[in-house]
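Single-letter residue listing:
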Amino acid sequence: MSTIRHPAAAARAQREHRSKMQEGTILSFTTIAHPPEGFPQRQRTVALIELHDGTKALGEMLTSTPDNLCIGQQVKPHRRLSHITAQGLRVYAICYEAVAGKVAPLRVFPGYILSLTGPSGVGKTTVCTLLSTKIGEYAQRVPIVTTREPKPHDGDEYAYVTAREFHMLRKRGDIIAATRIPSTTEERWYGYRSQDIEGIWKSGKIPIVITEMGLLQELAGHYGRRSILSCGLLPPGKSKRVMLSHLLHRLRSRGRDSEASIAERMQNAEKDLLFFEEQRHLFDDLIINEDLERVLDLLKGRILALQEG
Amino acid sequence: MHCAPTPTLTPFLASSVSLIGTGQTSFGEHWDKGLRTLMEEAVHAALEDAPCTELDVDFVVVANMLAERVSAQAHLGAIASSLLPHRPPAIRVEAACASGSVAVHTALSLLESNRAQTVLVLGVEKMTDVRNEEIAAALMGAADSEKESPSGLTFPGIFGLIARRYMEEYGLTREDLSLVSARHHANAASNPFAQFQSPIPARVISESTLVADPLRLLDCSPVSDGAAACLLSTKFEGPVRIAASQVCTDTLSITERPTITSFAATREAAQRAFAEAQISPIDIAHVELHDCFSIAALLSVEDLGFAAPGEGIRRYRERSTAPTFNASGGLKACGHPVGATGVKQINDVAKQLKASGSRWGLAHNFGGAGATCGIHILEYAS
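Cut-offs and rules
Residues numbered from 1 in each chain as written. Chains lettered and ligands numbered in written order. Predicted model: local features only at pLDDT ≥ 70, side-chain atom pairs only at ≥ 80, totals over all residues. Heavy atoms only, no water. Helix = DSSP H or I, 4+ residues; strand = E, 2+ residues; numbered from the N terminus. Buried < 20%, exposed > 50% of the residue type's maximum accessible area, 1.4 Å probe, protein only. Contact = heavy atoms within 4.5 Å. Areas by Shrake-Rupley, 256 points an atom, 1.4 Å probe, with all protein chains shown as cover. Lys, Arg positive; Asp, Glu negative; His and termini not counted. Charge placed at Lys NZ, Arg CZ, Asp CG, Glu CD. Pairing = 2+ DSSP bridges. Axes fitted to C-alpha atoms, helices over the stretch in contact; angles between N-to-C directions. Phe/Tyr/Trp six-rings, centres within 6.5 Å; stacked < 30°, edge-to-face > 60°. Lys NZ or Arg CZ within 6 Å of the ring centre and 35° of its normal.

> Tell me what's going on with the overall build of chain A, and back it up with residues and numbers.
Secondary structure summary: chain A contains nine helices and 14 strands in total. Along the first, second and third principal axes, the C-alpha atoms of chain A reach 70 × 40 × 40 Å. The buried share of chain A, taken over its 309 residues, is 50%. Taking the contacts inside chain A whose residues are at least 6 apart along the sequence as the reference set, 64% of them involve residues at least 24 apart. Here chain A has roughly 15,500 Å² of accessible surface; of this, 51% comes from carbon and sulfur atoms. Averaged over its 43 positive side-chain charges, chain A has a centre that lies 4 Å from the centre of its 35 negative ones.

Dropping the structure here:
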């Protein structure tokens, strides 16, 4: 009797393959002397893997010498026949193979980061500014390193660098998360420096970052998903269409962007909204920014709870 | 639609509930006893111990996980009820290895709502009638059948992952793990109900067969048959009172947790239980904790607040007597008939309090890899 006996259950498990087909790091592993019935009756090494996108998965390790494995080792995925059920169903599974020589140091929990993710115009910057003034003794905004031109409306949230400097910082590992926002007018890179984030931790505060999908995933990859208190900010509205029209209204009424730039932002926003649906696991909270005061109260509560914990 | 105003939730026990009777079968391989016989024996023992008669039982709550799969028997509430002459109403609860404590928690709700004044809680499990492979597969029902089972993991495998990670993070050694099991086995030497009543030296544990590296056979609690029963009452008074009852949960799969070297459900349930009883860990004299595997005992000692993370083993190295941990022998030495364990732990804490005359004791029972945790604090008034 196999643990997955029903073809339908096996089929559902196979649907998960796409999400497990990623490189990752071994968090732990064990060699089972007697695997469950239905699986090949030989020693089986199973590992808990932290995948590239911050999710975790369990999978068999393709190795004949489990003694050579170690926690922190990098792995790459393979799709293999796992076993054949009593009904003759061939069950495939994602297995992992250790990549020789690559061992990540054991990650020590560094501290919490509050991240705000959301489409352009949803109010990330406003929320972030108000938070870091209202509870400045507990939380502090992390400056965004960017290659884009300074604009008259910019506050002190940006640190401007040239594209060349940006890529040097990234290569040296000073910038630990970076992303390029698609734009037809200029090459725009945004990123965060580890020294800024770690400096804020040293002062006993919680860093607040404004992220989008790329930055969020890289931050989670660098400090561990557990470190990120990830909040998605969404515009009010029941359907995507209503949400987008809200954003359009806000972007127009703040009067900072040209129509061309707004059109570009709207295109990106549509992708962002899709991202919330597909990558729900990257968010601890999804917050609708309808009433600014309530959003601030909620986030304040989260930060104070982190500080106490 | 009319909506009644929401009453304030009461997270703490609203009435004073006494534990007025306890009883159990011995745990082990009872090839000559089926579910019904085991239940009968435990109920009889609990009633013998109590100041009430069987007719005082207003309600029965049965805890069990595997009866359908092992004994082809569902509907355990009706069996339990038929053991009493007046056949009181009965229900069954299931929360894998935490079934016992969740049954006690359920019984307390019946008492608080005044639906019953005396409730019989009965935990029972029959595991030795089928092959070990079948039991192993059945127990995996306590894990996530979509996220964990397809990888070919077994329960010792899940705790093997936890143990290896813990060893890496905190530098725990193989000998440390053996010390935990050895201590529990030594404690069971004086427990006539235990499955294993002879001490097992740490060296033998370290050399036992590898099951799920780094865990060896003698790190794992055994497969057992057994039943345990207790009587809880608001009508009859006894020297032991339930001072706190909390049930907390976590994600079913270990892949969805930030860490596997600490169980959030235990931490949260402990925090709430101490708040409910208005005491702190330092007040507790006796602890029965859920050592389904040696590593689980260390996690639990830490999550319950008796040691800092990574320092649970010090309690074993120092031979902690305040509090005592698993003076009964725990799951490791007493046996672990899944549904009976949570009830048996509460019974044992009550016995230990009566024997030592101490005031506070705690029973910690979890299901799966800590996805459900039930904690009860008992107060003894001498």
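More follows now that the structure is in view.
> Just give me the short version of helix 5 (residues 194-202) of chain A, but keep the residues and values in it.
Residues and elements named next belong to chain A. For helix 5, every residue scored as buried is listed here: Ser 194, Asp 196, Ile 197, Ile 200 and Trp 201. Turning to helix 5, the residues buried within the fold contact strand 6 (113-117), strand 7 (139-141), strand 10 (175-181), strand 11 (188-193), strand 12 (206-211) and helix 6 (213-223). Downstream of helix 5 by one or two residues, Gly 204 has phi in the positive range, about 80°.

> Can you break down the sheet that holds strand 13 (residues 228-234) of chain A residue by residue, with the values?
All names here are of chain A. The five strands lie next to each other as 7-12-6-13-14, forming an open sheet whose pairing is parallel. Strands at the two margins of the open sheet, each flanked by one partner only, are strand 7 and strand 14 (285-288). Ignoring strand direction, the axes of neighbouring strands in this sheet form an average angle of 25°. Across five bridges, strand 6 lies against strand 13 in parallel orientation. Considered in strand 13, the bridge of Ile 113 is made with Ile 228.

> Please provide a residue-by-residue account of the packing of aromatic side chains, values included.
What the rule picks out here adds up to 12 aromatic pairs over all chains. Note on Tyr 158 of chain A and Tyr 190 of chain A: the rings are 6.4 Å apart at their centroids and 50° apart in plane angle, and the pair reads as tilted. In this pair, Tyr 158 of chain A sits in strand 9 (residues 158-160) while Tyr 190 of chain A sits in strand 11, placing the two residues 32 residues apart along the sequence. In this pair, the class of Tyr 158 of chain A matches that of Tyr 190 of chain A, namely buried. Pairing Trp 201 of chain A with Tyr 223 of chain A gives two aromatic rings, centres 5.0 Å apart and planes at 85°, and the pair type is edge-to-face. Here Tyr 223 of chain A lies in helix 6 and Trp 201 of chain A lies in helix 5, a separation of 22 residues in the sequence. Grouping aromatic residues by their ring pairs yields a cluster made of Phe 155, Phe 159, Phe 263, Phe 293 and Phe 366 of chain B. In this structure, Arg 148 of chain A packs its charged tip against the face of Tyr 158 of chain A, placed 4.5 Å from the ring centre. Residue placement shows Arg 164 of chain B over the ring face of Phe 29 of chain A; its charged tip is 3.9 Å from the ring centre.

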